[in-house]
Amino acid sequence: MVDIQSIKQKFGIIGNDEMLNRAIDTARQVAPTDLTVLISGESGVGKEAFPQIIHSLSARKHGSYIAVNCGAIPEGTIDSELFGHEKGSFTGAHEARKGYFEVANNGTIFLDEVAELPVSTQVRLLRVLESGEFMRVGSSKVIKTDVRVVAATNVDIPEAIKKGKFRQDLFYRLNTVPIIIPPLRERKEDIYMLFRKFSSDFAAKYHMPILQLDQEARRMLEDFRWDGNIRQLKNITEQISIIEKDRMITPDTLRRYLPRAGAPNLPVLYSGDEKSGIEFTERELLYKVLFEMRRDISELKRILSEVIDENQHPSENLQKSQKKFLSDFDEDQLFEADHTFEISTNRHKKAEQEDYEGAEILEESLSLTKREEDLIRKALEKHHGKRKAAAEELGISERTLYRKIKEYNI
Ligand SMILES: Nc1ncnc2c1ncn2[C@@H]1O[C@H](COP(=O)(O)OP(=O)(O)OP(=O)(O)O)[C@@H](O)[C@H]1O
Ligand SMILES: [Mg+2]
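Residues numbered from 1 in each chain as written. Chains lettered and ligands numbered in written order. Predicted model: local features only at pLDDT ≥ 70, side-chain atom pairs only at ≥ 80, totals over all residues. Heavy atoms only, no water.

Undergrad: I keep staring at the packing of helix α2 (residues 18-30) against helix α3 (residues 49-56) and nothing clicks. Help me out?
TA: In helix packing, the relevant descriptors are the interaxial angle and the interaxial distance, both defined with respect to the helix axes. As a packed pair, α2 and α3 sit with axes 8 Å apart at the nearest point and diverge in direction by 35°. Note that α2 runs across α3; the crossing there is right-handed. Residue-level inspection shows Leu-20, Ala-23, Ile-24, Ala-27 and Val-30 of α2 in contact with α3, the latter providing Phe-50, Ile-53 and Ile-54. Its residues assigned to classes, the contact of α2 with α3 shows eight nonpolar, no polar and no charged. (Axes fitted to C-alpha atoms, helices over the stretch in contact; angles between N-to-C directions. Helix = DSSP H or I, 4+ residues; strand = E, 2+ residues; numbered from the N terminus. Left-handed = near helix turned anticlockwise from the far one by under 90°. Contact = heavy atoms within 4.5 Å. Nonpolar A, V, L, I, M, F, W, Y, C, P; charged D, E, K, R; others polar.)

Undergrad: So what exactly am I meant to see when it comes to the sheet that holds strand β3 (residues 108-112) here?
TA: Pairing between the strands of a sheet is mediated by backbone hydrogen bonds and can be parallel or antiparallel. Spatial strand order, β2-β3-β6-β1-β7: five strands in an open sheet with parallel pairing. At either end of the open sheet lies a strand with only one pairing partner, and these are β2 (65-69) and β7 (177-180). Between one strand axis and the next, the sheet turns through 20° on average, direction left out of account. Sheet analysis places β3 next to strand β6 (residues 148-153), joined by four bridges and oriented parallel. Looking at the pairing, Thr-108 lines up with Arg-148 of β6. Helix-sheet contacts for α2 involve β1 (37-40), β6 and β7, and the interaxial angle to β7 is about 150°. (Pairing = 2+ DSSP bridges.)

Undergrad: Would you mind going over the site of ligand 1 with me for this structure?
TA: Not every one of the 16 residues close to ligand 1 is listed here, only the nearest: Ile-14, Ser-43, Gly-44, Lys-47 and Asn-154. Between a nitrogen atom of ligand 1 and a main-chain N or O atom of Ile-14, the distance comes to 2.9 Å. A distance of 3.0 Å separates an oxygen atom of ligand 1 from a polar side-chain atom of Arg-231. Taken by itself ligand 1 offers 640 Å² of open surface, and the protein chains cover 82% of this. Mapped onto the shell around ligand 1, the elements with two or more residues apiece are α9 (188-206) and α11 (229-243). No other element matches the three residues that α11 contributes to the shell around ligand 1. For the shell around ligand 1, the residue count by class is six nonpolar, five polar and five charged. Both domains that meet at the shell around ligand 1, namely domain 1 (4-182) and domain 2 (185-255), each give it at least three residues. (Near = heavy atom within 4 Å. Polar contact = N/O pair within 3.5 Å; in protein donor to acceptor, adjacent residues only side chain to side chain. Areas by Shrake-Rupley, 256 points an atom, 1.4 Å probe, with all protein chains shown as cover. Domains from an automatic or database assignment.)

Undergrad: Explain unusual backbone geometry to me, please; I cannot follow it from the model alone.
TA: If a residue is not glycine, its phi is most likely negative; likewise, a peptide bond is most likely trans. Positioned with a positive phi, Asn-229 is a non-glycine residue whose angle comes to about 55°. In this fold, Asn-229 is placed in helix α11. Judged by its relative accessible area of 0%, Asn-229 is buried. Positive phi values are uncommon outside glycine, yet His-384 reaches one of about 50°. (Buried < 20%, exposed > 50% of the residue type's maximum accessible area, 1.4 Å probe, protein only.)

Undergrad: Please explain the pattern of salt bridges as it appears in this structure.
TA: Two side chains with opposite charge may pair up if their charged atoms get near one another. Across all of its chains, the model carries 25 salt bridges by this definition. In this structure, Asp-34 engages Arg-60 in a salt bridge whose closest nitrogen and oxygen atoms are separated by 3.0 Å. With a gap of 26 residues between them, Asp-34 in the loop between α2 and β1 and Arg-60 in the loop between α3 and β2 connect regions that are remote in the sequence. In this structure, Lys-144 engages Glu-133 in a salt bridge whose closest nitrogen and oxygen atoms are separated by 4.0 Å. With Lys-144 in strand β5 (residues 142-144) and Glu-133 in strand β4 (residues 133-135), this pair connects stretches of sequence that are 11 residues apart. Accessibility expressed as a relative area gives 57% for Lys-144, which makes it exposed. A residue is classified by how much of its surface remains accessible, and Glu-133, at 23% relative accessible area, is partly exposed. (Salt bridge = Lys/Arg side-chain N within 4 Å of Asp/Glu carboxyl O.)

Undergrad: For this particular structure, what's the right way to read the nonpolar core?
TA: Nonpolar side chains in soluble globular proteins generally cluster together in the buried interior. Among the nonpolar cores identified, the biggest contains 32 residues, and Phe-101, Leu-111, Val-114, Leu-125 and Phe-166 are the most heavily contacted of them. Those elements that provide at least two residues to this core are β2, α4 (75-83), β3, α6 (119-131), β6, α7 (157-162) and α8 (168-174). With four residues, α6 is the single largest residue contributor to this core. Beyond its immediate chain neighbours, meaning those up to four positions away, Leu-125 contacts Phe-83, Phe-101, Leu-111, Val-114, Leu-117 and Leu-170. (Core = buried A, V, L, I, M, F, W, Y, C linked by side-chain atoms within 4.5 Å.)

Undergrad: Sorry if this is basic, but what is going on with the environment of Lys-87 here?
TA: Within the secondary structure, Lys-87 sits in the loop between α4 and α5 (100-103). Separated by 51 residues in sequence, Lys-87 and Gly-138 have C-alpha atoms that sit 8.1 Å apart. Apart from residues lying up to four places away in sequence, Lys-87 is in contact with Ala-93, His-94, Glu-95 and Ala-96.

Undergrad: What's the story with the side chain of Thr-121 in this structure? I'm lost.
TA: Within the secondary structure layout, Thr-121 lies in helix α6. By relative accessible area, Thr-121 is classed as buried at 1%. Setting aside its immediate chain neighbours within four residues, Thr-121 contacts Ile-78, Asp-79, Leu-82 and Phe-83.

Undergrad: Would you explain the packing of aromatic side chains in this entry?
TA: The way to describe two aromatic rings as a pair is by their centre distance and the angle between their planes. In total, this model carries five aromatic pairs according to the counting rule given. Summarising the aromatic geometry, the rings of Phe-83 and Phe-101 are spaced 5.2 Å apart at their centres and angled 10° between planes, so their arrangement reads as stacked. With Phe-83 in helix α4 and Phe-101 in helix α5, this residue pair connects regions lying 18 residues apart in the sequence. Judged by relative accessible area, which is 0%, Phe-83 ranks as buried. Given the relative accessible area of 1%, Phe-101 is considered buried. Their ring planes at 25° and their centres at 6.3 Å tell us that Phe-202 and Tyr-206 sit as a pair that is stacked. A residue pair is termed a helical-turn pair when its members lie 3 or 4 positions apart in one helix, as Phe-202 and Tyr-206 do in helix α9 at four residues. Among the residues examined, Tyr-206 registers a relative accessible area of 28% and is labelled partly exposed. A connected cluster of aromatic rings, assembled from ring pairs, spans Phe-83, Phe-101 and Phe-134. For Arg-97, the ring lying beneath its charged end belongs to Tyr-100, and the centroid distance is 6.0 Å. Positioned above the aromatic ring of Tyr-192, the side-chain terminus of Arg-218 is 3.8 Å from the ring centre. (Phe/Tyr/Trp six-rings, centres within 6.5 Å; stacked < 30°, edge-to-face > 60°. Lys NZ or Arg CZ within 6 Å of the ring centre and 35° of its normal.)

Coordinates in, geometry out; function isn't part of it.
What follows is the structure, given as structure tokens:
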């Protein structure tokens, strides 16, 4: 049997924690069977490598391996994605299509974020797990398939069952062999090792010397809560690698990167279904902000409309321009054009400070964009076109500056 060290090497798994080793050992032992495996653990602990380990050590290793992120597929299409559909079974189904369970016959399917499956899909999944049978959407013909299922979740499923979001029978069926990946805060002795690995990777990537930690900073890193686990450690190491010029990292430097670093190291409850309290990845954070902005903009539009309607004697021009602003402003554009993001955020913040007086908001918002462009030009002039220095002066990243230069055609 392949030893645990070579599995770690092959899949880039760093760490020597006993629970981690036990998880890898379970994966190795269960791999040659056809048993269903459920991998649980908080977000960012490293679940993704496990279904690959299992597939590669199984007799199915030459068959297909399909990873499906159940949380990323819209509810309306998930049944068709997983089980296929017949021509004409719904609007837009111009052709019949095989689903993953048909395509992965003799292989492995990894159902990531399995707790996100709609309950109706859970019923279909249970059936295929129990009998190997399923039907395409819009068909009554039973199809047989031979697929091994490995699922993963960062949600506390027993809790989801209580809330009626997850079927108990499916949980028992999926959880035939449970593999639990421990959170990083419970594997303190791995933290420094991971930090060193990531620093050396990023040093190579960005052509910089490797970061060093002094004793105190190392202790701080090891005592941190790491709610976002290894993903968070990796992100923070990358940020420090890029930003800090001095490669010897002290607690003072580190503190700037660790959110709520002063908070006591209290045990946290494992509740994955809401990501509250967990460090968001940059993209998640961006989406969150965008959604909040979208809501606020709708609210702003509503208030502006009211102001216009209530205004007894508005000058005709002003009213026209206000109405035009409202109809021109399509908040959906925010989602399509990410380059508008920062400017819009500024507008939004500014708007919040105003007393919701339509015309003033409009004027202020537009001038902000102009002012931003002017400032960028000035900073570039001052630093003779050196972007790095200009970005520093402006207090934005070089990447953002680069984007804005392109955007404003500077
Ligand atoms: N033991 C490890 N050694 C090195 N890198 C790791 C280890 N575990 C995880 N990582 C890295 O951390 C990041 C997060 O891991 P992964 O995507 O597997 O998390 P996850 O458990 O699937 O989280 P989520 O539930 O949010 O999907 C990845 O970049 C992965 O490469
Ligand atoms: Mg994952």
